[in-house]
Amino acid sequence: MHMLALATRLRRALLWPALLVAGLAGTGIGMAWQQPLLGFNLSYLVIALALWALERRWPHEPRWLRDDGQMLPDLLHTLLTKGLVQVLVLVSLVMGLSDAVIAAPWWPSHWPMLVQVAMALVVAELGLYAAHRLAHEWPPLWRFHAVHHSVSRLWFWNTGRFHAVDTLARVSASLPLLWMAGAPAEVLQWISAVTAFVGILTHANLDVRCGPFNWVFNTPELHRWHHSRRVEEGNRNYGENLVIWDWVFGTWYLPSRRPPQDIGIDGPMPSDFLGQCIAPFRR
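Small disclaimer: the values here were computed from a predicted structure and weren't measured. (Residues numbered from 1 in each chain as written. Predicted model: local features only at pLDDT ≥ 70, side-chain atom pairs only at ≥ 80, totals over all residues. Heavy atoms only, no water.)

Peer 1: So what exactly am I meant to see when it comes to the nonpolar core here?
Peer 2: In globular proteins that are soluble, nonpolar side chains generally tend to be buried together. Ranked by internal contacts, the top residues of the largest apolar core, which has 41 residues, are Leu-19, Leu-51, Leu-178, Ile-191, Phe-197, Ile-200 and Leu-206. Elements represented by at least two residues in this core include exactly helix H1 (2–32), helix H2 (36–57), helix H5 (113–137), helix H7 (164–181) and helix H8 (185–202). The element contributing the most residues to this core is H8, with 11 residues. Leaving out residues up to four positions away in the same chain, Ile-191 has contacts with Val-117, Ala-120, Leu-121, Ala-124 and Leu-178. (Core = buried A, V, L, I, M, F, W, Y, C linked by side-chain atoms within 4.5 Å. Buried < 20%, exposed > 50% of the residue type's maximum accessible area, 1.4 Å probe, protein only. Helix = DSSP H or I, 4+ residues; strand = E, 2+ residues; numbered from the N terminus. Contact = heavy atoms within 4.5 Å.)

In structure tokens:
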């Protein structure tokens, strides 16, 4: 019994970082082979398939395993928004926006890549935090962000359920910051990969304990509170990858009690993909 309890504790503590490292390692192999998009997409697919099995083996909330009838709309949102982000990043790389259009000799390109990526994450996170918080606190943007928060369960499949306008707002608030900072192409590729893998793991319905990682990264334990129906809980933990700006602006939140099972929004949301795309434009 003692060994079983120890194994459970280890599994809960190691599963989240192991999946994150595995996804980034696969992306790194693709980049080393000069196939960054292929390496990333294959790694993302492998992590998604792993999460499909792991969520059923060790779910955080068994209730969230029930079908909500939203798998097709969630998939279409994901294909649209994730595809849009990849196109925007690819265009910026082809145009050389970070390396040529905005020359920034102050970027420490001679530093180790890990340090450059960490620095770029902090820079990009400021824009991501601002856009995310504004989407919660400014009604015109909340209409678009509500599409994401209208889910009744959290699992890896609805990670990409974002309205295209919501996605464009976040990219527009973060990517130009990296251009102006002079982050090179390889750093932009790493930032995109980190954001994707942290995002899919953040929404995973996994029984994990992220421990000290909760103080640095956006994790499932933090993000479940962000999806609370209660405004004083949902308007917290705005960080996309890191929680540094949540600490700075006092929005980091992780109480000791269990997060709510009943999540979503109070207002109506169409059940079909097209209706969800149109809904924010209606009065």
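The structure having been displayed, the exposition proceeds.
Peer 1: Which parts of the structure should I look at to understand the packing of aromatic side chains?
Peer 2: Between two aromatic rings, the relevant description is the distance of the centres plus the angle of the planes. Applying the stated criterion across every chain, the model contains 20 aromatic pairs. On the basis of an interplanar angle of 45° and a centroid distance of 6.3 Å, the ring pair of Phe-213 and Phe-217 is categorised as tilted. Taking the relative accessible area as the measure of exposure, Phe-217 reaches 22% and is therefore partly exposed. One aromatic cluster in this structure is built from Trp-52, Trp-155, Phe-156 and Trp-157. Over the ring of Trp-155 we find Arg-153, and its NZ or CZ is 4.1 Å from the ring centre. (Phe/Tyr/Trp six-rings, centres within 6.5 Å; stacked < 30°, edge-to-face > 60°. Lys NZ or Arg CZ within 6 Å of the ring centre and 35° of its normal.)

Peer 1: Just checking my understanding: could you explain a nonpolar patch on the surface for this structure?
Peer 2: Taken together, the side chains of Met-3, Leu-6, Leu-10 and Leu-14 make up a nonpolar region of the molecular surface, amounting to roughly 400 Å² of accessible area. Relative to the assigned elements, Leu-6 resides in helix H1. (Patch = residues over 30% accessible without salt bridge, like charges linked within 9 Å, V, L, I, M, F, W, Y side chains within 5 Å. Areas by Shrake-Rupley, 256 points an atom, 1.4 Å probe, with all protein chains shown as cover. Salt bridge = Lys/Arg side-chain N within 4 Å of Asp/Glu carboxyl O.)

Peer 1: How should I be thinking about the side chain of Asn-218 in this particular structure?
Peer 2: Structurally, the position occupied by Asn-218 is in the loop between H8 and helix H9 (220–226). Judged by relative accessible area, Asn-218 falls into the buried class, the value being 3%. Those residues in contact with Asn-218 that sit more than four places away from it in its chain are Trp-16, Val-198, Thr-202, His-223, Gly-239, Glu-240, Asn-241, Leu-242 and Val-243.

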